[in-house]
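Report on the structure
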Amino acid sequence: MMSSDFVRYAPEIESIDPDIDELLAQVIAWWENKTRESPKTEGTGRAVRPAHAKSYGFVRADVEFLDDVPAAYAQGIYSKPGRHDALIRFSSANGHLGADALLGGALGFAIKIFDVEGTSLLEDEPDAHTFDLVLKNNPIFLANTAKHYLFIQEIVDNAPSYLARGKAGFRELLTAFLTGNGTLEQSEWAWEELFAFVRLAQTPATNPLLTPYWTMGAVRHGDYVAKVRVAPAAESAAQAIHRELDLASGSDVFRPVLVDELKAHAFDFDLQVQLSTDLNAMPVNDLTVEWPEKVSPFVTVGRVRVPRQDISGPGNLEQGDALAFNQWRVTAEHRPLGEIMKVRRIYSTSAWVRRTLNRQPQTEPTSAASVLPTKVHAGT
């Protein structure tokens, strides 16, 4: 495609509720309360992330931004070829702890890239020179507006109590979701978001190294508008050990799989960008819509390399627990777009509360080695 085919970034493409500040205050209060109560509600005595509560492993990696990338894709940090140290957190996407069978197949892949030039959009750490990508193994999100996010987060968080009541509880959950707990006019019922929720709830259990991960929301891509994903490199996927997972086989399934795979071999992901060509087919403000690849394919702009390493010890999870990942820990050229991405900026508040309660450092790490000093295995 020619660069003239791509949607040009402009602030006007975002649609933000005029009451966003009030709505954000309510979202922040909910997240902060959930974090403060988590030592008791999750039963660990420690504060737990309100989202991605269960970690499956923290992994050393490096990211290479490639040369000879088409100009429209070689924007911002992707315009400067080179390799960067990185850390990856593999996790459940669920907001609770528990057996993997109860948490489901929705997974998170958050990567922190070091030594990135530019000023961070997080005001309290403008010169940290870290860059985060916070991804999930589904291309869509379950809320489109801050107003809907407020009731959706509460319903989803209480899903276990609904489901404990069997078929009747499941119907209650769907009804509450659709109607906003009875607060929405019928013309405002959350049909698209309900369909997205049902789709997300059916995410199959997959080896964490054998699934793509998406930003879900749109981001600025220099002059353009994009979504970003990482996808398993074909040559790495071919050597994976665990092809099928049975979450009923034990309380912990994903972490042992990740441990086994990384002890056996290195693993690569393609870092890819999809540019919007049509705001109707590829909207910024509707996260329940998957951008069609037949309209605009993903183009590889980098490679995420995960060397062989042993993450089996309990110290791995302890060393990575203080890390915080945020969609807004990026430079201005990659600013998250749309109302829901603005809502997700509040993750920094829950991270501050969690690390305060756990007496963990609040500062960004300066290198992967400062978090995970364990040596990686040589070779592939």
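It should be noted that the structure appears before, not after, this text.
Residues numbered from 1 in each chain as written. Predicted model: local features only at pLDDT ≥ 70, side-chain atom pairs only at ≥ 80, totals over all residues. Heavy atoms only, no water.

Quantified by volume, the largest pocket comes out at close to 1100 Å³. Mapped onto the lining of the largest pocket, the elements with two or more residues apiece are helix 1 (20-41), helix 2 (100-103), helix 3 (146-157), helix 4 (159-163), helix 5 (166-179) and helix 6 (191-201). If you tally residues by element for the lining of the largest pocket, the top one is helix 3, at five residues. In terms of residue class, the lining of the largest pocket is made up of 27 nonpolar, eleven polar and three charged. (1 Å grid on protein atoms, 1.4 Å probe; cavity = no way out; pocket = protein on both sides within 12 Å on 5 of 7 lines; lining within 4 Å. Points joined across faces, edges and corners; volume = space filled by probe spheres on them. Helix = DSSP H or I, 4+ residues; strand = E, 2+ residues; numbered from the N terminus. Nonpolar A, V, L, I, M, F, W, Y, C, P; charged D, E, K, R; others polar.)

The next point concerns the packing of aromatic side chains. For the structure shown, the criterion picks out 13 aromatic pairs. Considering the side-chain rings of phenylalanine 109 and phenylalanine 269, the 5.2 Å spacing of their centres and the 65° angle between planes classify their relative orientation as edge-to-face. Pair noted here: phenylalanine 109 is in strand 3 (residues 107-114) and phenylalanine 269 is in strand 8 (residues 267-275), with a separation of 160 residues, a long-range link. Of the two residues, phenylalanine 109 and phenylalanine 269, both sit in the buried class. (Phe/Tyr/Trp six-rings, centres within 6.5 Å; stacked < 30°, edge-to-face > 60°. Buried < 20%, exposed > 50% of the residue type's maximum accessible area, 1.4 Å probe, protein only.)

Tracing the backbone through its elements, the reader meets arginine 229 in strand 7 (residues 224-232). A polar atom in the side chain of arginine 229 sits 2.6 Å from the side chain of glutamine 272. At a separation of 3.4 Å, a polar atom in the side chain of arginine 229 contacts the side chain of glutamate 293. Leaving out residues up to four positions away in the same chain, arginine 229 has contacts with Tyr213, Trp214, Asp270, Leu271, Gln272, Glu293 and Phe298. (Polar contact = N/O pair within 3.5 Å; in protein donor to acceptor, adjacent residues only side chain to side chain. Contact = heavy atoms within 4.5 Å.)

We now examine the pairing of strand 8. Of all nine residues making up strand 8, nine are buried, and the element is well covered by its neighbours. Residues of strand 8 alternate between two faces, with Phe267, Phe269, Leu271, Val273 and Leu275 on one and Asp268, Asp270, Gln272 and Gln274 on the opposite face, all of them buried. The pairing of strand 7 with strand 8 spans seven bridges and is antiparallel. By the bridge assignment, proline 232 is partnered in strand 8 with phenylalanine 269. Pairing analysis gives seven bridges linking strand 8 to strand 9 (residues 299-306), with the strands arranged antiparallel. Looking at strand 9, one finds that aspartate 270 is bridged to arginine 303. (Pairing = 2+ DSSP bridges.)

Moving on, we come to the pattern of salt bridges. This model, assessed by the stated rule, comprises 23 salt bridges. Residues glutamate 188 and lysine 147 are paired through a salt bridge, measuring 3.9 Å at the closest nitrogen-oxygen approach. Here glutamate 188 is found in the loop between helix 5 and helix 6, whereas its partner lysine 147 is found in helix 3, with 41 residues between them in sequence. In this structure glutamate 188 comes out as partly exposed when scored by relative accessible area, which is 35%. Taking relative accessible area as the criterion, lysine 147 reaches 40% and is therefore assigned partly exposed. Among the salt bridges present, the one from arginine 303 reaches aspartate 268, with a minimum N-O distance of 3.2 Å. (Salt bridge = Lys/Arg side-chain N within 4 Å of Asp/Glu carboxyl O.)

Turning our attention to empty space enclosed by the protein. Scanning the entire structure with this criterion turns up four cavities of 30 Å³ or more. The volume enclosed by the largest cavity comes to roughly 120 Å³. Leu133, Thr215, Val219, Val330 and His334 are, among the 15 residues lining the largest cavity, the residues nearest its centre. Among the residues forming the lining of the largest cavity, the class breakdown is nine nonpolar, four polar and two charged. Considering only enclosed or pocket space, the second largest cavity measures out at about 60 Å³ in volume. Along the walls of the second largest cavity sit Pro139, Trp214, Lys227, Gln274, Glu290, Trp291, Glu293 and Phe298, which together make up its complete lining. Of the residues in the lining of the second largest cavity, the class split is four nonpolar, one polar and three charged.

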